[in-house]
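Okay, here's what each chain looks like letter by letter:
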Amino acid sequence: MKAAEVSIAPATTAAELAAVQALCWSYRAYLENFAPVERRITEVFYPPAKYEALMGELAHIHARPRGIILLARQGDTPVGCGMTQPLDDATAEIKRVYVSDAARGLGIARQLCAQLVEQARQDGFGRVVLDTSRAFDTARRLYTGLGFVETGPYQPIPEEMLPHLCFFEKRL
């Protein structure tokens, strides 16, 4: 399928949120299996019990009017997600941008990120931040291509993880 056949909309129903949770679990599995460093990052930040609790709170953590959860579909098939949450009155954080293997390379992550940034702008935030693994060259190129610039950590990060992560911000 082509990216033009993809629809992206807020996830608001129980079925849509369940689809996002399933994509988030796939994302976690992808991280765990990518390389030993990403496995360690995942273990540090999202051990299974903590991730399970997070999945149960997604709708609250990313609730409107200061956050949003987006679900990308090809036809009726969920293929990607992304979300924002407020860090403070001026800063939104993009979290868990993920596109399934079958839908990669179609520009879906770019569409998700662009919509998340635009929603943050409409919600009155002055900047958007995010982080990613240094190993994810494609993601880093995507973020810089969308106008993000590399910056330092925007919240406390364990010292051992710092060499493996990149932090980005975009002023709105």
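Look up: the structure comes first, before these words.
Caption draft 1: Here's a closer look at the sheet that holds strand β7 (residues 165–171). Taken together, seven strands build an open sheet; the order of strands is β1-β2-β3-β4-β5-β7-β6 and the sheet is mixed. Two strands lie at the open edges of the sheet, namely β1 (6–10) and β6 (149–151), each paired on one side alone. Each strand of the sheet is rotated relative to its neighbour by a mean of 30°, with strand direction disregarded. With seven bridges joining them, strand β5 (residues 127–133) and β7 adopt antiparallel strand pairing. Looking across to β7, one finds that Arg-127 is bridged to Arg-171.

Caption draft 2: Local environment of helix α3 (residues 48–61). Taking 1.5 Å of rise per residue, the 14 residues of α3 would be expected to cover 20 Å, and the 18 Å separating its terminal C-alpha atoms lies within 8% of that figure. At Met-55, α3 shows its strongest bend, of approximately 40°. Of the residues making up α3, those classed as buried are Tyr-51, Leu-54, Met-55 and Leu-58. Packing partners of the buried residues in α3 comprise α1 (14–34), β2 (68–74), β3 (77–86) and β4 (91–99).

Caption draft 3: Expanded view of the nonpolar core. If you look at the biggest cluster of nonpolar residues, it comprises 45 residues, and the most contacted ones within it are Val-20, Cys-24, Leu-58, Ile-94, Ile-108, Tyr-143 and Phe-148. No other element matches α1, which puts seven residues into this core. Filtering out sequence-adjacent residues up to four positions away, Cys-24 remains in contact with Tyr-51, Met-55, Leu-58, Cys-81, Met-83 and Arg-96.

Cut-off values and rules
Residues numbered from 1 in each chain as written. Predicted model: local features only at pLDDT ≥ 70, side-chain atom pairs only at ≥ 80, totals over all residues. Heavy atoms only, no water. Pairing = 2+ DSSP bridges. Helix = DSSP H or I, 4+ residues; strand = E, 2+ residues; numbered from the N terminus. Axes fitted to C-alpha atoms, helices over the stretch in contact; angles between N-to-C directions. Expected span 1.5 Å × (residues − 1). Bend = angle between axes of the 7 residues up to and from the residue. Buried < 20%, exposed > 50% of the residue type's maximum accessible area, 1.4 Å probe, protein only. Contact = heavy atoms within 4.5 Å. Core = buried A, V, L, I, M, F, W, Y, C linked by side-chain atoms within 4.5 Å.

Remember, this is a structural readout, not a statement about activity or role.
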